[in-house]
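# Examining the three-dimensional arrangement
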Amino acid sequence: MKVEHTSIYIGDDTKALRHGKADKRGGSTTIFAGNSALAQDDPITKKREEARKKAMKVVGDAFAGEQKIDNDLADRKSHIDELRDNMNQAQAAMNQIDKEKDQLRESKGIAADSEEQKDLELLEKRSASMRVGSEVSLTKEEQERLEQIDAKGMTEYQKQAMEMEGYKSPYRKEISDSKKQIVEENAIIRGVKLERLKSNPMLDATQEADSIMEAADDEIMGMLIQEGRDFIDEKHKEEEEAAKKKAEEEKEKEEQIEAIREDKKEQKERVEKNKTEALTEQVLDLDQAQTDVKAEVSDIVDKMNLVIEDIKGSVVDQQV
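For clarity, every value in this text was computed on a predicted model and none was experimentally measured.

## Quick look at the overall build of the protein chain
Across its full length, the protein chain carries 6 helices and 3 strands. For the protein chain, with 320 residues in total, the buried portion stands at 20%. In the protein chain, the share of contacts with a sequence separation of at least 24, taken over all contacts with a separation of at least 6, comes to 70%.

## Concerning the pattern of salt bridges
With the rule as written, the count across this model stands at 20 salt bridges. Ionic pairing is found between R172 and E165, a salt bridge with its closest N-O pair at 2.2 Å. E239 is paired through a salt bridge with K235; the nearest N and O atoms lie 2.7 Å apart. You can see E239 and its partner K235 sitting in helix α6 (residues 201–319), 4 residues apart, about one turn around the helix. Under the relative-accessibility criterion, K235 is labelled buried at 14%.

## What to know about a negative patch on the surface
Judged by side-chain charge, D230, D233, E234, E238, E240 and E241 come together as a negatively charged surface patch. Tracing the backbone shows E234 in helix α6.

## Considerations on the side chain of S114
Tracing the sequence through the fold places S114 in the loop between α1 (42–108) and α2 (115–129). Taking relative accessible area as the criterion, S114 reaches 18% and is therefore assigned buried. Reaching out from S114, the side chain makes a polar contact with the backbone oxygen of A111 at a distance of 2.8 Å. A distance of 3.2 Å separates a polar side-chain atom of S114 from the backbone nitrogen of Q117.

## Observations regarding the nonpolar core
In terms of nonpolar packing, the biggest core is built from 9 residues, these being L73, I80, L83, M87, A90, M94, I175, I182 and I189. Residue assignment for this core shows that the elements contributing at least two residues are α1 and α5 (169–198). In terms of residue count, the dominant contributor to this core is α1 (6 residues). If you look at the next biggest cluster of nonpolar residues, it comprises 8 residues, including A51, A209, I212 and A216.

Criteria and thresholds
- Residues numbered from 1 in each chain as written.
- Predicted model: local features only at pLDDT ≥ 70, side-chain atom pairs only at ≥ 80, totals over all residues.
- Heavy atoms only, no water.
- Helix = DSSP H or I, 4+ residues; strand = E, 2+ residues; numbered from the N terminus.
- Buried < 20%, exposed > 50% of the residue type's maximum accessible area, 1.4 Å probe, protein only.
- Contact = heavy atoms within 4.5 Å.
- Salt bridge = Lys/Arg side-chain N within 4 Å of Asp/Glu carboxyl O.
- Patch = residues over 30% accessible without salt bridge, like charges linked within 9 Å, V, L, I, M, F, W, Y side chains within 5 Å.
- Areas by Shrake-Rupley, 256 points an atom, 1.4 Å probe, with all protein chains shown as cover.
- Lys, Arg positive; Asp, Glu negative; His and termini not counted.
- Charge placed at Lys NZ, Arg CZ, Asp CG, Glu CD.
- Polar contact = N/O pair within 3.5 Å; in protein donor to acceptor, adjacent residues only side chain to side chain.
- Core = buried A, V, L, I, M, F, W, Y, C linked by side-chain atoms within 4.5 Å.

Spelled out as structure tokens, the structure:
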């Protein structure tokens, strides 16, 4: 049986025969699996599409995660800007209160360096030292002077000024809360940036996507090679079956020829036998004929001998 050499080319050959048709050159068969029906087979297409979707999801998830972080950082920076605006507005409101206090002082005819004004500032300092988280502290002399002021009582101007100072409380709280939030937001932003320096999610995702596609390509290559082998095995099987069928046909023909030869031989033997039997019969007939002739001749001779004896007897008798 003649077995053709078969090779598989995994790739694309635009000049080669397409759709899985074999390209035969010099008794060999080349299968272009890259653009043949093998490459377009549903399991392979499905495998490649699944790998592509998985790789895209990995990259997409990484990008979405990075985008979410970027958006979160942007939101935090925007929040910091809003907090600073709130602080500026609160500070502006407190500055306006200070201006109104100055106007009150001027309307009362109190000098900026007067003892009454200094006592007011000391009262404001004590109030500031009593606020939660305040870093303001009073000296011993200041505490003694405050005791004197308390004992004497505040002037009308000082009462009005301290009341106006109290209007600053919500603005101070706004500024304090905003500062805390700004510190927290900046800490989170720094932490995120530090974590990003430790890893590169997009690079990792891209490498993972490449690995997914490479693994799929390897698996698809194996599928193509296996299908190519199956194709070759099937082709060889068909060739073997064809050769076997041809051998059986040839054997059947040989058997028919042999049967004809045997038949001719038997016919010839029968003819020869018939000829031999006929010849034997003729010989036997001839022998029988010869025997009969001999018998007849012998009988004739016997008869002739008697006649001769009779003749001799007659002659003797006559002589006597």
